[in-house]
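Listed below, chain by chain, are the residues.
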Amino acid sequence: QEQLTESGGGLVQPGGSLKLSCAASGNILKFATMGWYRQTPAKERELVAIMTFAGAIDYGDFVKGRFTLSRDIDKNTLDLEMNSLEPEDTGVYYCHAVTLTISKYWGQGTQVTVSS
């Protein structure tokens, strides 16, 4: 059973930045994909960014170059650097991972609030 633990959420003013981190309980190279999703008041849970085992990255259309997804294989973490945050980015951000055997895991979520 894998565990994903998110950290780094909080309150930030519009235009500000936050860095989210997802720590896996084991080696992240066992995952076929790892990514971040979010649940906002206005929408269903949606993809923010996702990385494949090979390192290919895809972002949600709304990201528009503001966010950067990266991983640290030594630390077994998946990080999401978010810049130019807008009030519409407010929501709960979840880490998600799928193993090579198609087992799916979610973290508990971390709240991001963008407000002045």
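Residues numbered from 1 in each chain as written. Predicted model: local features only at pLDDT ≥ 70, side-chain atom pairs only at ≥ 80, totals over all residues. Heavy atoms only, no water.

(A) Structural detail: the nonpolar core. Membership of the largest hydrophobic core comes to 27 residues, with the highest contact counts inside it found for Leu4, Met34, Trp36, Val48, Leu80 and Met82. Other than its neighbours up to four places away in sequence, Leu80 contacts Leu18, Lys19, Leu20, Trp36, Val48, Ala49, Phe67, Thr68 and Leu69. (Core = buried A, V, L, I, M, F, W, Y, C linked by side-chain atoms within 4.5 Å. Buried < 20%, exposed > 50% of the residue type's maximum accessible area, 1.4 Å probe, protein only. Contact = heavy atoms within 4.5 Å.)

(B) Layout of the pairing of strand S4 (residues 31–39). Burial analysis of S4 places 7 of its 9 residues in the buried class, which makes it a mostly covered element. Of the strand pairs in this sheet, S4 and strand S9 (residues 91–99) are connected by 8 bridges, and their pairing is antiparallel. Looking at S9, one finds that Gly35 is bridged to His96. Where S4 folds back onto strand S5 (residues 46–52) in an antiparallel hairpin, the turn is made up of 6 residues. (Helix = DSSP H or I, 4+ residues; strand = E, 2+ residues; numbered from the N terminus. Pairing = 2+ DSSP bridges.)

(C) Focus on the environment of Leu78. Along the chain, the position of Leu78 falls in strand S8 (residues 77–82). Through-space distance from the C-alpha of Leu78 to that of Tyr93 is 13 Å; in sequence the pair is 15 residues apart.

(D) Looking closely at the environment of Leu29. In this structure, Leu29 sits in the loop between strand S3 (18–24) and S4. Once you skip the residues sitting within four places of it in the chain, Leu29 turns out to touch Phe53, Arg71 and Ile73.

(E) Just unusual backbone geometry, in detail. Residues other than glycine seldom take positive phi values, yet Lys64 does so here, at roughly 50°. Tracing the sequence through the fold places Lys64 in the loop between strand S6 (57–59) and strand S7 (67–72). A positive phi angle, near 50°, is found at Ser84, a position not held by glycine. As for its placement among the helices and strands, Ser84 is situated in the loop between S8 and S9.

(F) How the structure looks around the packing of aromatic side chains. Inspection of the entire model under this criterion finds 2 aromatic pairs. Ring plane angle 65° and centroid distance 5.3 Å describe the contact between Tyr37 and Trp106, whose orientation is recorded as edge-to-face. Taken together, the residues Tyr37 in strand S4 and Trp106 in strand S10 (residues 104–106) connect sequence positions 69 residues apart. With a centroid separation of 6.3 Å and 90° between ring planes, the pair formed by Tyr94 and Trp106 is classed as edge-to-face. Note that Tyr94 is positioned in strand S9 and Trp106 in strand S10, a separation of 12 residues in sequence. A connected cluster of aromatic rings, assembled from ring pairs, spans Tyr37, Tyr94 and Trp106. The ring of Phe31 carries the charged tip of Lys30 above its face, separated from the ring centre by 5.6 Å. The ring of Tyr94 is capped by Arg45, whose NZ or CZ atom sits 3.9 Å from the centre of that ring. (Phe/Tyr/Trp six-rings, centres within 6.5 Å; stacked < 30°, edge-to-face > 60°. Lys NZ or Arg CZ within 6 Å of the ring centre and 35° of its normal.)

(G) Focus on the side chain of Thr40. The topology assignment puts Thr40 in the loop between S4 and S5. Among all residues touching Thr40, those that are not within four sequence positions of it are Glu46, Glu88, Thr90 and Gly91.

(H) Seen up close, the sheet that holds S3. With antiparallel pairing, 4 strands are arranged side by side in an open sheet as S1-S3-S8-S7. On the outer flanks of this sheet lie strand S1 (4–7) and S7, each paired with one strand and no other. When strand polarity is set aside, the average angle formed by the axes of neighbouring strands in this sheet is 15°. Where S7 meets S8, 6 bridges bridge the pair, whose relative direction is antiparallel. The partner of Thr68 across the bridge, within S8, is Glu81. (Axes fitted to C-alpha atoms, helices over the stretch in contact; angles between N-to-C directions.)

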